[in-house]
Structure formats: C-alpha cells, structure tokens
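# Notes for the structure review
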There are 2 protein chains.
Amino acid sequence: MSDRESWQAGHGAGIVAALRDAIGADRILTAREQVAPFECDALPVYCERPLAVVLARDEEDVVATARLCHAKGVPLVTRGAGTGLSAGARPYGRGILLVTAAMSRILSVSPASMTARAQPGVLNEQLSTAAAAHGLYYAPDPSSQIACSIGGNVAENAGGVHCLKYGVTVHNVLALRLVTIDGEVLEIGGDCLAQPGYDLLALAHGSEGCLGIITEVTVKLIPLPEQTRTLMADFSSVRAASDAVSAIVRAGVIPAALEMMDALAISATEEFCHAGYALDAAAILIIDLDGAPEEVAAELGLVQEVLGSSGATRVQLARDGEQRQRWWKGRKSAFPAIGRLSPDYYCIDGTVPRHRIGDVLEAIQAFSQRYDLRVANVFHAGDGNLHPIIMFNGREGDALDRVEQLAADILEYCIAVGGTITGEHGVGIEKFNQMAVQFSDAEIGQFLAIKQALDPKGLLNPDKLIPSLAHCQEYRALREGQVEGTNG
Amino acid sequence: MSDRESWQAGHGAGIVAALRDAIGADRILTAREQVAPFECDALPVYCERPLAVVLARDEEDVVATARLCHAKGVPLVTRGAGTGLSAGARPYGRGILLVTAAMSRILSVSPASMTARAQPGVLNEQLSTAAAAHGLYYAPDPSSQIACSIGGNVAENAGGVHCLKYGVTVHNVLALRLVTIDGEVLEIGGDCLAQPGYDLLALAHGSEGCLGIITEVTVKLIPLPEQTRTLMADFSSVRAASDAVSAIVRAGVIPAALEMMDALAISATEEFCHAGYALDAAAILIIDLDGAPEEVAAELGLVQEVLGSSGATRVQLARDGEQRQRWWKGRKSAFPAIGRLSPDYYCIDGTVPRHRIGDVLEAIQAFSQRYDLRVANVFHAGDGNLHPIIMFNGREGDALDRVEQLAADILEYCIAVGGTITGEHGVGIEKFNQMAVQFSDAEIGQFLAIKQALDPKGLLNPDKLIPSLAHCQEYRALREGQVEGTNG
C-alpha cells in the first residue's frame with residue numbers, strides 16, 4: 001500500500017464517509033474516472049488527484065463540507081468552472097475538491113437597483129444575457145467569459161478588455177456571501193459605494209480560495225452603451241504604438257477597449273482568420289469607444305487627432321458592425337493563431353504602468369533573443385496588462401527550462417518598472433516564486449498573518465498564492481545565483 | 001496622586017523620555033496648553049488628553065514612535081488634520097498621539113503616469129492645486145477639502161460630491177507606505193489596476209488608524225474636465241426628487257455631482273446666502289455634468305428629458321459660471337445656514353441604495369415627529385449618501401438623549417433597507433454601537449481576527465471602529481429593550 005493509499009484507507013475514509021452522509025453519496029465522487037476531469041484547471045502542467053470531489057448544490061452543502069474538513073483537519077480546495085490559468089484550482093492530494101459549478105442559478109436581476117444576485121457557478125456571460133432584457137450588462141469580460149464562472153472571477157479578481165473603462169471584478173461586485181472554513185456564513189458588502197469596518201469585500205477578491213468559499217455574488221450592472229465604434233491604427237514601431245496608448249488616456253479619453261498586437265501576433269492572426277490587419281505594421285491598436293452617439297463622436301475626433309500626432313501610419317474607422325466584428329474576431333483568435341505556429345506556447349500575464357509599456361516590450365525582445373525563443377504580444381494595452389506568448393517546442397531537451405527562465409525574467413522586469421506579476425490570471429502555483437520578488441518579507445508577513453487570522457489551520461487551498469518566508473528566501477537566493485551565473 | 005498621574009509618573013514617563021531621546025524634545029508635547037488643541041477632532045463631544053503628542057517630521061519619526069509604543073505596550077493614536085467627524089482621532093488617555101500634519105510635502109507629480117506622491121499631511125485641495133499645472137486634478141473632494149489631509153482621507157475612506165462619478169478615496173489611491181505597529185514599513189499597491197496577494201491597499205482604506213500608520217500616499221490624477229454645466233431642478237415632493245435621482249442613473253448618465261436639498265435646508269440656505277433656490281419647492285436637485293462639450297451636451301439633453309418626465313416643476317440650466325457658483329455656494333453653506341436656525345445641530349452620515357432614498361426620507365420625517373426634533377436633509381443623492389442634520393438645543397434637559405435615539409433610529413433604518421451606517425465620516429467612537437446592528441457576530445469576529453493579526457497587542461487606536469463581541473451583544477440587548485419599551 002502506498003502512503004497515499006494507506007492514508008486514504010484510514011483518515012481519508014473518515015471524511016469521505018462523513019461527506020456522503022451529510023451531502024448524499026451521489027454528490028461525492030471518488031472513482032478514478034469520475035475524478036479525472038477535476039485533476040487540473042486550465043494550466044494542466046499542475047495536476048493532482050483529490051481524495052474526493054464534492055459537487056455542491058447549495059450553500060448548505062458548502063457549509064457542511066467546510067465544517068467536516070475543519071473538524072477533521074482536511075485541506076479544502078474550491079473550484080468554479082476550472083478555467084483558471086495559474087493552477088489556483090489544482091486539487092490537494094490529501095484534500096477535498098469542492099466544485100461550485102452546479103450552483104448555477106441567477107437569483108435576481110433588479111433593474112431598479114441595477115444589480116444582479118447569482119450563485120457562484122453562474123457563467124460570466126450569463127449575467128449579461130440575463131441583464132440584457134433590461135438594457136443592462138455586467139462589464140468585466142475575461143476572454144473565457146462564455147466558460148468561466150462568477151465565483152471564480154471573484155476569487156481571481158478577473159479582468160478583460162473592458163476593464164480599462166469599467167474596472168476589474170472588485171470594482172463591479174457589490175456584495176458576497178462567503179463561507180468560512182469553520183462553516184460560518186458572512187454577508188459582505190451591499191448596494192452602497194463603501195462599507196464600514198475592514199474591507200472584507202476587497203479582501204475576498206483575488207484571494208484564490210485561500211480565505212473562504214464564495215456562495216453568492218451581487219454584481220453591479222450598467223446600461224448597455226447606445227453605440228460602440230471601433231478604430232484600428234497601424235504603427236511602424238512598437239514604441240510609437242505604446243506612446244500613443246499613454247497619449248490617448250492623457251487626453252482625457254478612457255476607451256471601452258484599447259488593445260495592442262505586435263508584428264508576430266498580427267501575421268499569425270492574419271494568416272489564421274483574415275481579420276484585415278496590415279502585415280507591414282510593427283504594431284496595431286484596436287480601440288473601442290462607447291456611450292451616447294454625441295459622446296462617441298467627440299471621443300472619436302479626439303482619439304483620431306492623438307493617433308495622428310503619435311505617428312500612426314494609418315487610422316481606420318470600422319465602417320459597419322461586420323468590419324468591427326472581423327477586427328475583434330482577429331484579436332480574440334490571436335491565441336489559437338499563435339498556437340498554430342509553434343508546437344507549444346505559454347502565455348504570461350504581467351502588468352506595468354501604462355507609460356512603461358514601450359520599455360517593457362523592448363526588454364521582452366532582448367530576453368527573447370537571449371533565450372532563443374520567439375515571443376508574440378497581444379494584450380490589454382490601456383491598462384498595461386501584457387500577455388507575452390512564449391512559443392516553444394516541449395520536446396526539445398532544455399526548452400521548458402528556457403521558457404521558465406524567460407517567463408521569470410519578464411515578470412521580474414515588470415516588477416522592476418513598478419508593475420506586478422499578474423493582471424488577471426492570479427498567482428496560484430504558477431507565480432508562487434515571483435511573489436518573493438514582488439514583496440518584502442514584511443509584506444509577505446502581513447499576508448501570512450491575514451491567512452492565519454481567517455484560516456488558522458491553513459486548510460483552505462494550501463500552498464497557493466502566498467509563499468512561506470522560508471520559500472521566499474530560498475527563491476531569492478536561487479535567482480541571485482542565476483543572475484551571477486549569467487554575468488560570470 | 002490620581003491613577004492617571006501615578007501611571008504617568010511611572011510607566012508613562014518612560015515612553016515620553018524615550019520619545020524625546022529618539023525624536024527630539026521639541027517634537028514631543030506634554031504641557032497642558034500645548035496638548036489642548038489635540039484633545040479632540042471635529043466631533044468635540046469626545047475629548048481626552050493624551051500622555052504626549054508627537055509631531056512627526058518624517059517616516060523615521062513614525063517608525064521610531066511605533067517601535068517604542070510597541071516595545072513598551074503603549075497605545076498609539078494617529079491624527080492627520082483633525083477634521084474627522086466620528087472621533088476617530090480622539091486621543092487615548094494613557095497613549096501617545098502621533099500627528100502627521102507636519103509631513104506635508106508633495107513628493108512628486110507625474111503627468112506621464114497621471115499620479116502624485118504625497119506625504120500624509122498634504123491637504124486634499126493642495127493635490128489638485130499642484131496637479132492643475134498639468135491639466136489634472138484629484139477627484140475625491142470632501143466638504144473639508146481645504147483643511148483635511150490625504151492621510152486622513154485614506155484612513156476614513158473619504159467621499160465628496162464627485163464620488164458618484166469618480167469613486168471614493170479607495171478608488172483613487174494607487175499605493176501607500178504603511179508603518180506597522182512594530183515599525184516595519186510596507187509598500188502597498190502600485191500604478192496598476194490590481195495587485196497579487198491579499199488586498200492590503202483596500203484593507204488600509206477606512207481602517208481608521210487601527211491597522212497601521214500611513215506615511216505616503218500615491219493618488220491617481222485625472223484630466224480636468226473641458227467643461228462643467230450645472231442644472232437645478234425643483235420638485236413638489238421629496239419622493240419625486242428621489243425617484244428622479246434613480247431615473248437619471250438608470251438612463252445611463254453618471255453626473256459629476258448629484259445633490260439634493262429638502263425644504264428646510266432650502267429655506268435655511270436661501271435666507272443665509274441668497275443662492276437663488278425656490279422657496280416653494282419641497283426638494284431641489286443640483287446636477288453637474290462634466291466632460292468634453294459634445295458629451296456634456298448629450299448628457300444635458302438626456303437629463304433634462306428624465307427630469308421632465310420625473311415631475312420636476314422647473315428645470316434651470318446655469319447660464320454662466322457666476323450662477324453656477326452661486327448655486328454651489330448655497331449647497332456648500334447649507335451646514336452653517338442650518339446651524340443658524342438652531343442652538344445646536346448634529347449631522348448623521350448613512351448611505352442607502354439609491355432607489356430607497358424616497359423611503360428613507362419619509363421614514364426620517366416620521367422619526368423626526370416621534371422625537372419632536374427638526375431634521376434638515378442636504379446630501380449626495382447620486383450615491384445615496386444621506387446627511388440628515390438634527391436640530392436641537394443642548395441646554396434642554398433630555399434633548400441630547402432624544403438626538404442620540406433619533407440618530408440611532410435613522411442609522412438602523414438605513415441598515416434595514418440594505419444600506420450602511422456611514423458613507424464617508426467613518427465609525428470611530430460615534431457609530432461604534434451601530435456596528436453591532438450592521439454586522440453579525442461572525443462578521444465582527446472576522447474584523448477582530450484581522451485586527452489581531454496586524455496589531456496583536458491591540459495598541460493602534462484602541463476602542464474604535466470594531467466593538468468586541470461582548471459590546472455588540474450588550475448593545476443589541478439594550479436596543480431590543482428600547483424597542484419593546486416603545487411598543488409597550
């Protein structure tokens with residue numbers, strides 16, 4: 001009997017039996033073939049088989065699961081739709097995986113208060129679909145919006161192309177129900193702009209399942225824009241396109257979307273779906289302006305002027321919805337398009353101050369040459385949220401090592417220019433090491449103190465998001481060694 | 001020798017001497033006449049003389065003060081400009097009062113990143129003045145903006161008339177330096193929209209000096225609007241005016257300001273400063289629209305249409321800057337104007353969902369009659385942030401008791417309709433009791449756990465913001481008794 005099997009037969013069997021009693025045997029999966037689909041999220045390099053999967057139907061199931069895990073000291077990982085890109089929902093081998101995907105009812109849509117209340121398993125796009133009948137929508141729109149759930153959006157503080165103008169998830173959620181590891185239900189937030197007491201609502205956002213389990217989300221809805229118009233601008237250098245991004249915002253316009261693609265991303269996409277991009281451009285910007293027609297017209301004029309004086313070689317205004325859709329289809333197909341050019345690819349997610357985009361793109365180019373790996377860039381330029389896509393062949397001996405080093409170099413360069421290691425994908429396991437670079441021991445110490453306060457036994461999603469101080473020191477020493485190695 | 005004096009001579013003398021050594025005797029005030037101005041903030045019913053006042057010059061002084069208090073177990077209260085309205089900066093009798101008002105340098109204004117970095121004692125308005133040279137400003141504008149400091153704004157998560165469109169302080173601050181009670185300096189946040197790890201930046205906002213001491217604030221600056229136009233609408237009922245507020249936002253317009261005044265506030269103000277308000281109106285709305293001229297024109301049309309169909313009896317557009325200023329001068333003079341009608345007044349600060357404003361104003365009217373106390377209303381209607389002003393005569397025997405009961409009834413009604421007990425003034429001592437009504441024991445328990453995690457000895461601003469569970473239970477029992485008494 002392996003370690004795992006003997007533990008499973010003893011301590012493990014106890015919790016599984018107790019969960020079957022409390023929740024019903026049909027909601028508890030343990031058979032290998034039933035559990036298999038839940039062994040990883042959308043970053044499948046990290047996989048693990050949990051002791052059991054609980055398919056929660058409602059908050060009561062969540063409370064019962066938390067109470068049992070707490071009483072028996074068993075780790076508990078929560079999973080929404082499993083679309084996360086940083087392995088935040090990878091199960092814990094000796095733990096329970098709680099799946100909230102079946103808690104998928106929209107509880108209310110209130111046009112009077114411009115809010116919707118939903119269970120955590122409701123998909124992001126379903127919220128906007130339900131609100132559309134009232135002329136409203138939910139603004140944050142991750143690329144995975146047809147598949148990702150609102151509970152997961154909160155846990156990862158998800159972004160999307162609309163976040164420049166409308167904010168990330170934390171700016172669009174008004175209230176939560178959150179179950180603590182000991183099974184208490186907290187009602188957090190409300191319809192108002194601010195709440196007294198410590199900001200538990202913000203604390204839950206991006207906490208990646210490490211502080212509690214989300215069982216209900218109240219989102220802010222906003223009126224559907226009367227009109228959306230789309231511009232595309234070509235540039236002969238990445239630097240000029242980057243500077244134009246800053247200049248637009250500096251002119252007082254906050255576009256609904258402001259996306260950039262570099263030459264490699266353009267050519268891959270154009271070949272894949274004929275979006276109508278200029279193959280001779282070093283970079284293009286795609287810009288959505290939305291609002292009342294008069295407002296859009298005013299912004300259009302201003303943005304065209306700024307693009308002209310920023311050295312755009314061509315500026316086009318989409319003549320109709322069909323052309324608009326085609327440009328956007330290209331942007332949204334960029335990842336699979338780039339995927340066709342390379343056996344494997346890996347997408348990073350760092351954010352930098354808007355006015356440093358040009359510097360960072362040039363640095364990425366230099367890193368790319370150093371490690372002999374191609375990098376394509378297609379990203380949310382307006383909020384400085386980069387998505388460098390590293391292309392590689394996993395079957396080449398040291399390719400994966402070089403990819404890891406290149407990714408670390410890029411993320412740590414983002415930190416050096418005042419940015420962060422993630423814009424919207426979260427830390428999870430993927431960026432665990434870089435937390436040691438972005439934060440000092442004193443700052444990591446505060447994170448650990450908060451974790452200890454709200455989950456004293458450390459049962460919620462262990463070994464994710466916040467590394468220990470020992471781990472931080474170890475990683476920093478390792479990186480110093482690597483840098484010295486490079487210089488020596 | 002009193003208890004205080006004997007403690008002061010013993011334990012107390014130790015910390016004062018140590019502070020003199022570390023920081024310099026001239027920065028440590030202990031003489032009664034020197035300490036007197038610091039015994040209360042702008043809610044002077046709560047006063048206390050601290051052991052000593054430290055006038056910090058820089059972060060080093062703050063760190064030294066925190067370290068000494070931590071080592072000796074002495075409470076530490078931080079005070080910015082002292083304009084707070086909930087007694088958050090009232091000193092602790094056996095503690096040190098740390099004043100950051102002299103840390104008043106603007107460290108940088110960066111037009112490229114549209115940010116400013118400031119020491120905590122910089123006054124709110126000074127930020128906008130410094131940014132104006134670059135066509136930028138800092139949006140949150142509490143009524144006290146010429147006197148309140150940015151450090152205090154963060155500690156109280158301050159609001160203002162512009163918060164409907166531009167958010168409260170937490171939405172406009174990008175980064176902080178925060179000193180922990182054991183003297184560690186944390187660098188929190190950055191130029192980007194979101195940060196990995198738990199949201200310490202949001203946690204610091206509204207934490208009222210209970211989690212750390214702010215030593216630097218980086219704020220977001222936004223472009224000065226090209227144009228601002230102002231509408232005033234008269235209504236024959238408070239209910240109609242309230243419904244118009246919802247209808248405007250529902251139509252997709254977020255005005256730069258959307259303020260309401262009721263008949264009592266109108267007549268007091270009109271008499272005081274001849275702002276040009278209609279004395280026969282039951283309520284007026286004052287509405288600012290800002291942006292590019294075309295955008296403002298579009299919004300003006302839409303708002304005028306909504307006002308018309310919401311039953312406004314008259315809608316006026318300010319013909320020039322002079323008329324605009326006069327209308328706003330009235331709004332800003334409303335507090336002193338109401339003050340003239342009554343020996344004393346007390347201003348409450350609750351927030352309710354926008355579509356419940358009408359219900360709450362009617363309830364306030366009923367409470368006002370029950371306690372035989374006049375209440376005037378002048379407030380940030382757009383974000384549901386009420387400021388009922390209770391008029392009373394403190395020399396009448398039971399007046400203060402009735403005021404307290406009336407205030408509690410109003411705040412607790414705000415909670416009952418899904419609102420909160422504060423919009424921008426904070427909890428401090430003033431609303432300590434109402435925390436027990438707004439939050440369950442499980443929720444208060446989480447607040448206490450966070451406090452314990454970041455300030456294990458409980459030295460930072462003790463007995464403010466978060467009541468103990470025992471205190472909560474006691475207050476809830478008291479209120480139940482009162483309600484039974486009222487009904488019986």
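Residues numbered from 1 in each chain as written. Chains lettered and ligands numbered in written order. Predicted model: local features only at pLDDT ≥ 70, side-chain atom pairs only at ≥ 80, totals over all residues. Heavy atoms only, no water.

As recorded in an unreviewed UniProt entry, chain A goes by Glycolate oxidase and comes from Microbulbifer yueqingensis. Word for word, the UniProt comment on chain A under Cofactor (unreviewed entry) is "FAD". (UniProt positions renumbered as here; feature names shortened; annotations may be inferred.)

We now examine the sheet that holds strand 4 (residues 96-99) of chain B. Residue and element names in this part refer to chain B. If you trace the four strands from one edge of the open sheet to the other, you get 1-2-4-3, paired in mixed fashion. The open sheet has two free edges, formed respectively by strand 1 (28-29) and strand 3 (76-79), since each of these has just one partner strand. In the packing of helix 3 (residues 59-72) onto the sheet, the strands contacted are strand 2 (52-55), strand 3 and strand 4, and the crossing angle to strand 4 comes to about 165°. (Pairing = 2+ DSSP bridges. Helix = DSSP H or I, 4+ residues; strand = E, 2+ residues; numbered from the N terminus. Contact = heavy atoms within 4.5 Å. Axes fitted to C-alpha atoms, helices over the stretch in contact; angles between N-to-C directions.)

For the rest of this paragraph, the subject is the nonpolar core. Met260, Leu285 and Leu307 of chain A together with Met260, Leu285 and Leu307 of chain B are the most contacted members of the largest nonpolar core, which has 183 residues in total. Other than its neighbours up to four places away in sequence, Met260 of chain B contacts Ala241, Ser242, Val245, Ala283, Ile284, Leu285, Ile357, Leu361, Asn377, Val378, Phe379 and Ala381 of chain B. (Core = buried A, V, L, I, M, F, W, Y, C linked by side-chain atoms within 4.5 Å. Buried < 20%, exposed > 50% of the residue type's maximum accessible area, 1.4 Å probe, protein only.)

Another point: the packing of aromatic side chains. Applying the stated criterion to the full structure yields eight aromatic pairs over all chains. Considering the side-chain rings of Tyr198 of chain A and Phe447 of chain B, the 6.0 Å spacing of their centres and the 85° angle between planes classify their relative orientation as edge-to-face. Of the two residues, Tyr198 of chain A is situated in the loop between strand 9 (185-189) and helix 7 (200-204) and Phe447 of chain B in helix 15 (residues 441-454); the pairing between them involves two chains. One exposure class covers both Tyr198 of chain A and Phe447 of chain B, and it is buried. Ring geometry for Phe367 of chain B and Tyr413 of chain B: centres 6.0 Å apart, planes at 80°, overall edge-to-face. With Phe367 of chain B in helix 12 (residues 357-371) and Tyr413 of chain B in helix 13 (residues 399-416), this residue pair connects regions lying 46 residues apart in the sequence. (Phe/Tyr/Trp six-rings, centres within 6.5 Å; stacked < 30°, edge-to-face > 60°.)

With an axial shift of 0.0 Å and an RMSD of 0.0 Å, the rotation relating chain B to chain A amounts to 180°. Taken together, the rotation and translation relating the two chain copies correspond to the operation of a two-fold axis. Looking at the rotation axis and the C-alpha trace of chain B, the residue lying nearest is Glu295 of chain B, at 2.1 Å. In this assembly, 100% of the residues forming the interface of chain B have copies in chain A that are likewise at the interface, indicating an isologous arrangement. (Least-squares fit on C-alpha atoms with pLDDT ≥ 70 in both.)

Okay, the sheet that holds strand 4 (residues 96-99) of chain A next. Residue and element names in this part refer to chain A. Spatial ordering of the open sheet is given by 1-2-4-3, a layout of four strands whose pairing is mixed. Strand pairing shows two members of the sheet lacking a second neighbour, strand 1 (28-29) and strand 3 (76-79), which therefore form its edges. Both strand 3 and strand 4 contribute to a ladder of four bridges, which runs parallel. Looking across to strand 4, one finds that Arg79 is bridged to Val99. Against the sheet, helix 3 (residues 59-72) touches strand 2 (52-55), strand 3 and strand 4, its axis set at about 165° to strand 4.

Contacts between the two partners involve 66 residues from chain B, matched on the other side by 66 residues from chain A. In total, chain B and chain A occlude about 5300 Å² of area from one another, counting both sides; carbon and sulfur atoms represent 70% of this. Scanning the region where chain B abuts chain A turns up zero salt bridges. Joining chain B to chain A, the criterion identifies eight residue pairs in polar contact (both at pLDDT 80 or more). Here the side of chain B that touches chain A gets nine residues from one element, more than from any other, and that element is helix 15 of chain B. The residue inventory of the side of chain B that touches chain A, partitioned by class, reads 36 nonpolar, 19 polar and 11 charged. (Buried area = accessible area lost by both parts, 1.4 Å probe. Salt bridge = Lys/Arg side-chain N within 4 Å of Asp/Glu carboxyl O. Polar contact = N/O pair within 3.5 Å; in protein donor to acceptor, adjacent residues only side chain to side chain. Nonpolar A, V, L, I, M, F, W, Y, C, P; charged D, E, K, R; others polar.)

Moving on to helix 11 (residues 321-340) of chain A. Residue and element names in this part refer to chain A. Taking 1.5 Å as the rise per residue, helix 11 with 20 residues should run 28 Å; its terminal C-alpha atoms sit 28 Å apart, in good agreement. When the local axis directions of helix 11 are compared, the greatest deviation, roughly 55°, occurs at Ala334, which is followed within four positions by the proline Pro336. Turning to helix 11, its buried residues are Gln323, Trp327, Trp328, Gly330, Arg331, Ser333, Ala334, Ala337, Ile338 and Gly339. (Expected span 1.5 Å × (residues − 1). Bend = angle between axes of the 7 residues up to and from the residue.)

Here we take up the domain arrangement of chain A. Accessible area lost upon the coming together of the parts serves often as the stated size of an interface. Residues and elements named next belong to chain A. Here the domain parsing of chain A yields domain 1 (3-99), domain 2 (106-223), domain 3 (227-416) and domain 4 (432-482). On a C-alpha basis, the centres of domain 2 and domain 4 stand 27 Å from each other. If you sort the residues of domain 2 by the area they bury against domain 4, Ile181, Cys210 and Leu211 come out on top, with a joint share of 62%. The interface formed by domain 2 and domain 4 holds zero salt bridges in total. Along the contact surface separating domain 2 from domain 4 lie two residue pairs in polar contact (both at pLDDT 80 or more). Class assignment of the residues belonging to the side of domain 2 that touches domain 4 gives a composition of five nonpolar, four polar and one charged. (Domains from an automatic or database assignment.)

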